[in-house]
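Breakdown of the fold
Here is what each chain is made of, one letter per residue.
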Protein chains: 4
Amino acid sequence: MRLVGRSGWICSNLKNTLARIFTSSSRMAKSKFEYVRNFETDDTCLKNCYIVVRLDGRNFHKFAEQHNFLKPNDDRALGLMTCSARSVMEDLDDIIISYGQSDEFSFVFKRTSNWFKRRASKLMTHVASQFSSSYVFYWKDYFGDQPLLYPPGFDGRVVLYPSNRNLRDYLSWRQADCHVNNLYNTVFWTLVQKGGLTTTQAEDRLKGTLASDKNEIMFSEFDINYNKEPLVHRKGTTLIWEKLEETVTKSVKLPNEAGEEVLVTRTRRRVSAHHCDVIGNQFWEEHPNILEDDNC
Amino acid sequence: MRLVGRSGWICSNLKNTLARIFTSSSRMAKSKFEYVRNFETDDTCLKNCYIVVRLDGRNFHKFAEQHNFLKPNDDRALGLMTCSARSVMEDLDDIIISYGQSDEFSFVFKRTSNWFKRRASKLMTHVASQFSSSYVFYWKDYFGDQPLLYPPGFDGRVVLYPSNRNLRDYLSWRQADCHVNNLYNTVFWTLVQKGGLTTTQAEDRLKGTLASDKNEIMFSEFDINYNKEPLVHRKGTTLIWEKLEETVTKSVKLPNEAGEEVLVTRTRRRVSAHHCDVIGNQFWEEHPNILEDDNC
Amino acid sequence: MRLVGRSGWICSNLKNTLARIFTSSSRMAKSKFEYVRNFETDDTCLKNCYIVVRLDGRNFHKFAEQHNFLKPNDDRALGLMTCSARSVMEDLDDIIISYGQSDEFSFVFKRTSNWFKRRASKLMTHVASQFSSSYVFYWKDYFGDQPLLYPPGFDGRVVLYPSNRNLRDYLSWRQADCHVNNLYNTVFWTLVQKGGLTTTQAEDRLKGTLASDKNEIMFSEFDINYNKEPLVHRKGTTLIWEKLEETVTKSVKLPNEAGEEVLVTRTRRRVSAHHCDVIGNQFWEEHPNILEDDNC
Amino acid sequence: MRLVGRSGWICSNLKNTLARIFTSSSRMAKSKFEYVRNFETDDTCLKNCYIVVRLDGRNFHKFAEQHNFLKPNDDRALGLMTCSARSVMEDLDDIIISYGQSDEFSFVFKRTSNWFKRRASKLMTHVASQFSSSYVFYWKDYFGDQPLLYPPGFDGRVVLYPSNRNLRDYLSWRQADCHVNNLYNTVFWTLVQKGGLTTTQAEDRLKGTLASDKNEIMFSEFDINYNKEPLVHRKGTTLIWEKLEETVTKSVKLPNEAGEEVLVTRTRRRVSAHHCDVIGNQFWEEHPNILEDDNC
């Protein structure tokens, strides 16, 4: 505690007064500026629609080159994408399914989600942010000692789908895209890596070819049956929630009794990864709880 | 090259046919699904407005606890925020100024920016993503051996400001917010750390006090002059582009002549950090090129 | 044709030059200004959703007073509303159903409508415009010699509904609103017109009453069974398209033959008005073609 | 009051009960359906921007044919457009200027307008509605006994302009459009009406001509100086608010005194029409109060 004389008291009092003036002016200042809040616009997503957030890697072609990604598919990179997507899903209960391939991942929020009051900006920035920080955070789990050279970027968008059919068609579209690209990339890099062609020659060779031609090139020239290529490359990765029943041993102690151990069954949810077809009906029939009823 | 007999040829031919059928159906599939693209809506930002993207840390109160951030301000954490913001700015020429305090950072795109065709979703997800991956990437530069426990999240939003006055008022609003919060936090943690109060007692003590009262508590009881506290805490951090003239020595060799060394002056841009008042006119008069003319 | 001498030629030539200068500057002018088009934003309605445009009369309380509308319902005014709505529907094939009560009318565009490229602004302004001009145009058909004192205004809005259930709930909401208001208005004006109460007394009398109380007042005091009141007042007006099969006589003349008359059956569509319950299932079962399948 | 016997009482009581059931179910019904309100999205216009609502006649080419509009300009039709626009402006104080030509009219709301809480849908539908009902209402004032054959339609849109320069460029764009179209139409119909060409011949004749060529055709072949054509056709119609000072005689009677007449000066606002250039600076210098300061 400071010792203050009479003049000190006066001084302190004066300071007090000055501070009060300063305060009220700075307080006024803040409220004077606060009108700028009203320039923010409402971007609430239409209710009763599935909300899809899709992320795409920025300049990932270059990123892949610089980090020596294997061609046509680098399983470490795919694993890291899936791991980052899983991190997003575990953070956000309302994501019912997500689908990824190459350097993109789509996240589907349930129709009735009220997360972040359905504000599009909050939904997509949160997903983009969580995914990106996870990508760097988990990098070493997939690339070990190979260093990450710079922080990568992903951009995102929000799209709404009113019906189950629309949503399934969206996922089918992404999986068909995966198929088309992977088929091309597989034969392209086979021609280069095993056939000894330059990339330009491989490109020329594939110009105008149909899927059947590509299958045929691989089969007849390289003895590769495309349909036996890994599912994760051909079908991409689908993440859903899975319910697990666990039986655990629990110590129970009732009052005035000796403790005893009992078996307890509990249900947990965890994210499971699938590399299967999502275009046909089978997947959806096997997992009937992903989609909600249309007419709700 | 495989040797194929007649039956092999037949087989291959059949396969070919089947593949062709498969192909054309999968090709049709993709185009059949592509209609879902049209569900995406256009979110182009109104032209001739400043575009502000603001990021806020998600659950950073808890994050700060778990990572033992110093109170009331942790300079390592503030440094990492600024470093991540710098990484965003260096990635995006069109950001003319950014301002951060605590766990938030605002990025201002120039009025005439046509980056990402002014699509709000792309702008804000890219900023959120780049900032987040940078935060994890540069963590060790600020926290050394202290491990990052999990990937942090930031959410974002976009706000448009039509006039210079509106934009300056936005930045003033954030800096006034910085002042109000920092004053409170400084005296609160002084009461706890130096005054020995519990957090509840400190809260009670500050209930209803004005800024002047807070200044007085610090001055009379702890001999702290708030106005001498570090500027970075009281004013936050403003990042702008700075032009640097450099004189470098360059080797020049004209044809048919011996090479010689010449002095060359070149202009570079780099991001510079300021911890000054941005509410008054002085900052803007000293940096007249940040804002564009209103009536354009 | 004018006779021009040499000087005329010169003069004309000069004028020509000047005009050319003027022209090119005005042409430049227009293209110079055309950038302002890009400030228009896209307001396309999400696909696969029902688009509802609802109109509400502006200051219709006052309008009704000034035009001596009968209380609690003026059948001329209701007829004119319906007639104007019919004019809108006949102008726009894509409206599948419309519902009106009091001074409001809702128009439902089919899910798959691509009218005006689904631009919300075009849809709602066109409906508001066509309805308003029709209201004035057909006024005399309903009010005869009683003059329209000034042009009335209606404002509108657009709302999207993703599922059949949502759309039916919207129409149910409007019809429930019709019921609640009409019950109140009927008993209110009965108390005033037949019971001799002032409007203030009637208001006081009804404060806090339930629907059952209102029914009871009408029944026990005025011998009015509310359920026998005209359906148009209790249920509002629903307009839908109805298919009509017509058998018409047509003259047919084949080449080289005498003409003959044949009977031809043709299908026409026309707007039909209903004053029935649309909350329950019956109406929708009787008109299964109004709604499209949800999962499309 | 009705006399009711015991059975009547029972009956009434039962009815009461039933009504109560009915009531509470219908009350529940309404609240059960009310969730559909939340499907409405917010379309508030960005603050501190000029809000322009532009209306365009729908199928006015056909409408003009059917109502025998004179070519190239029908002064009755232009007068009716202006009269309808005036009706909109008088209804809405916040419109600071409006500009019309041919079958279009643009209305500019002041930057700071908070009319209808700046909701775009409300602003544009109200303007479209009031304009359309006025068009029909005032038809006879311009077309006398010539009947209006059917209710016309106008569609609208909303565009925001952040700066005075943008707004002036918008108005310049519309006036340049007026100039280009009117010049073409004037020479086209001169060729047809005075030159005896068919419309196809006139079209061919004008293909590829510059403004100077068109001026020359009119001058050399028909002795028409385009610059002497009526300003209303060449420049369109600009409506602004004008302040009028009026000196009126008022009877004044003070208590206990004989009444006397005094002169009172009062200011009124009224809409005034101008047919002048709005592209250059003169108009804006003469009316400095239309635009607000940019940096606000």
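Conventions we followed
- Residues numbered from 1 in each chain as written.
- Chains lettered and ligands numbered in written order.
- Predicted model: local features only at pLDDT ≥ 70, side-chain atom pairs only at ≥ 80, totals over all residues.
- Heavy atoms only, no water.
- UniProt positions renumbered as here; feature names shortened; annotations may be inferred.
- Contact = heavy atoms within 4.5 Å.
- Buried area = accessible area lost by both parts, 1.4 Å probe.
- Salt bridge = Lys/Arg side-chain N within 4 Å of Asp/Glu carboxyl O.
- Helix = DSSP H or I, 4+ residues; strand = E, 2+ residues; numbered from the N terminus.
- Nonpolar A, V, L, I, M, F, W, Y, C, P; charged D, E, K, R; others polar.
- Polar contact = N/O pair within 3.5 Å; in protein donor to acceptor, adjacent residues only side chain to side chain.
- Phe/Tyr/Trp six-rings, centres within 6.5 Å; stacked < 30°, edge-to-face > 60°.
- Buried < 20%, exposed > 50% of the residue type's maximum accessible area, 1.4 Å probe, protein only.
- Lys NZ or Arg CZ within 6 Å of the ring centre and 35° of its normal.
- Pairing = 2+ DSSP bridges.
- Least-squares fit on C-alpha atoms with pLDDT ≥ 70 in both.
- Axes fitted to C-alpha atoms, helices over the stretch in contact; angles between N-to-C directions.
- 1 Å grid on protein atoms, 1.4 Å probe; cavity = no way out; pocket = protein on both sides within 12 Å on 5 of 7 lines; lining within 4 Å.
- Points joined across faces, edges and corners; volume = space filled by probe spheres on them.

Chain A goes by tRNA(His) guanylyltransferase in an unreviewed UniProt entry, where it is assigned to Oncorhynchus mykiss. Under the UniProt heading Sequence similarities (unreviewed entry), the entry covering chain A gives this text: "Belongs to the tRNA(His) guanylyltransferase family." In the Subunit (unreviewed entry) part of its UniProt record, chain A is described as follows: "Homotetramer. Interacts with MFN1 and MFN2; functions as a guanyl-nucleotide exchange factor/GEF for MFN2 and also probably MFN1."

1. Here we look at the interface of chain A and chain B
Between chain A and chain B, the contact holds 75 residues from the first and 74 residues from the second. Taken over both partners, the interface formed by chain A and chain B buries close to 6400 Å², and the fraction arising from carbon and sulfur atoms is 61%. Joining chain A to chain B, the criterion identifies 8 salt bridges. When the shortest N-O distance is used, the salt bridge between Lys-122 of chain B and Asp-155 of chain A registers 3.1 Å. Within the residue set of the side of chain A that touches chain B, elements represented by two or more residues are α1 (6-33), α3 (75-91), α4 (120-137), β4 (154-161), α6 (164-193) and α8 (211-222) of chain A. Residue contributions to the side of chain A that touches chain B peak at 13 residues, all from α4 of chain A. Looking at the side of chain A that touches chain B, its residues break down into 33 nonpolar, 22 polar and 20 charged.

2. Digging into the interface of chain D and chain C
Listed per partner, the contact involves 73 residues of chain D and 73 residues of chain C. Both sides of the chain D and chain C interface together cover about 6400 Å² of buried area, and 61% of this is carbon and sulfur. Ionic pairing is found between Glu-40 of chain D and Arg-157 of chain C, a salt bridge with its closest N-O pair at 3.2 Å. Connecting chain D to chain C are 24 residue pairs in polar contact (both at pLDDT 80 or more). Among the secondary structure elements, those contributing two or more residues to the side of chain D that touches chain C are α1 (6-33), α3 (75-91), α4 (120-137), β4 (154-161), α6 (164-193) and α8 (211-222) of chain D. Its residues assigned to classes, the side of chain D that touches chain C comprises 32 nonpolar, 22 polar and 19 charged.

3. Quick notes on the packing of aromatic side chains
Using the criterion set out here, one finds 100 aromatic pairs over all chains in the structure. For the ring pair Phe-107 of chain A and Phe-131 of chain A, a centre distance of 6.2 Å and an interplane angle of 70 degrees mean the geometry is edge-to-face. Taken together, the positions of Phe-107 of chain A in strand β3 (residues 104-109) and Phe-131 of chain A in helix α4 put the pair 24 residues apart, joining distant regions of the chain. For the pair formed by Phe-107 of chain A and Phe-131 of chain A, the shared burial category is buried. Through pairs of rings, three or more aromatic residues link up here, namely Phe-60, Phe-63, Phe-69, Phe-105, Phe-107, Phe-131, Tyr-135, Trp-139, Phe-143, Tyr-150 and Phe-154 of chain A. The aromatic ring of Trp-241 of chain B is capped on one face by Arg-269 of chain B, whose charged end is 3.9 Å from the ring centroid.

4. With respect to the pattern of salt bridges
Under the counting rule described, the total for this entry stands at 84 salt bridges over all chains. Between Asp-177 of chain D and Lys-30 of chain C there is a salt bridge; the shortest N-O distance is 2.9 Å. Placement of Asp-177 of chain D in helix α6 and of Lys-30 of chain C in helix α1 (residues 6-33) is noted, with the two residues assigned to different chains. Pair check on accessibility: Asp-177 of chain D and Lys-30 of chain C agree, each one buried. Arg-119 of chain C serves as the salt-bridge partner of Asp-43 of chain C, at 3.5 Å between the closest nitrogen and oxygen. On the criterion of sequence distance, the pair formed by Asp-43 of chain C in the loop between α1 and β1 (50-57) and Arg-119 of chain C in the loop between β3 (104-109) and α4 (120-137) is long-range, its members being 76 residues apart. Judged by relative accessible area, Arg-119 of chain C falls into the buried class, the value being 19%. Sharing partners across several salt bridges, the network here consists of Glu-40, Asp-43 and Arg-119 of chain A together with Arg-54, Asp-56 and Arg-157 of chain B.

5. What to know about the pairing of strand β2 (residues 95-101) of chain A
Residue and element names in this part refer to chain A. Counting buried residues in β2 gives 7 out of 7 residues, a clear majority hidden from the surface. Note: β2 against β3, 6 bridges, orientation antiparallel. Across the sheet, residue Ile-97 finds its bridge partner in β3, namely Val-108. Between β2 and β3, which follow one another and run antiparallel, lie 2 residues, and Ser-102 among them has a positive phi close to 50 degrees. The pairing of β2 with strand β5 (residues 237-252) spans 4 bridges and is classified as antiparallel. Of the residues in β5, the one forming a bridge with Ser-98 is Leu-239.

6. Describing the environment of Gly-280 of chain A
Here Gly-280 of chain A is to be found in the loop between β6 (260-274) and α10 (282-286). The class for Gly-280 of chain A is partly exposed, based on a relative accessible area of 27%.

7. Quick notes on the relation of the copies chain D and chain C
Superposing chain D onto chain C takes a rotation of 180 degrees combined with a translation of 0.0 Å along the rotation axis, leaving an RMSD of 0.2 Å. Such values leave the two copies arranged in the relation of a two-fold axis. Both copies share a contact surface, since 99% of the interface residues of chain D are interface residues in chain C too.

8. Notes on the sheet that holds strand β6 (residues 260-274) of chain B
All names here are of chain B. Strand order in the open sheet made by the 6 strands is β4-β1-β3-β2-β5-β6, with antiparallel pairing throughout. Of all strands in the sheet, those bounded by a partner on one side alone are β4 (154-161) and β6. Strand-to-strand twist in this sheet, taken as the mean axis angle between neighbours without regard to direction, amounts to 20 degrees. The sheet contacts of helix α6 (residues 164-193) involve β1 (50-57), β2 (95-101), β3 (104-109) and β4, and relative to β2 the element is tilted by about 20 degrees.

9. Things to note about the UniProt feature "binding site: Mg(2+) 1" (unreviewed entry) in chain A
Residue and element names in this part refer to chain A. Listed under "binding site: Mg(2+) 1" (unreviewed entry) in the UniProt record, and renumbered for this structure, are Asp-56, Gly-57 and Asp-103. Taken together, the annotated residues stretch across 48 residues yet fold into one region, lying no more than 5.9 Å apart by C-alpha. Here Asp-56 lies in strand β1 (residues 50-57). Asp-56 has contacts with Asp-103, Glu-104, Gly-153, Phe-154, Asp-155 and Arg-157, leaving out every residue within four places of it along the chain. Secondary-structure assignment places Gly-57 in strand β1. By relative accessible area, which is 15% here, Gly-57 ends up buried. Apart from the residues within four sequence positions on either side, Gly-57 is in contact with Asp-103, Gly-153 and Phe-154.

10. Considerations on empty space enclosed by the protein
All names here are of chain C. Under the criterion given, the structure shown has 3 cavities of 30 Å³ or more. What the second largest cavity holds in volume is close to 60 Å³. Contributing to the lining of the second largest cavity are Leu-78, Met-81, Thr-82, Gly-100, Gln-101, Ser-102, Glu-104, Phe-105, Val-232, Gly-236 and Thr-237. Secondary-structure elements contributing two or more residues to the lining of the second largest cavity are α3 (75-91), β2 (95-101) and β3. In terms of residue count, α3 provides more of the lining of the second largest cavity than any other element does, 3 residues in total.

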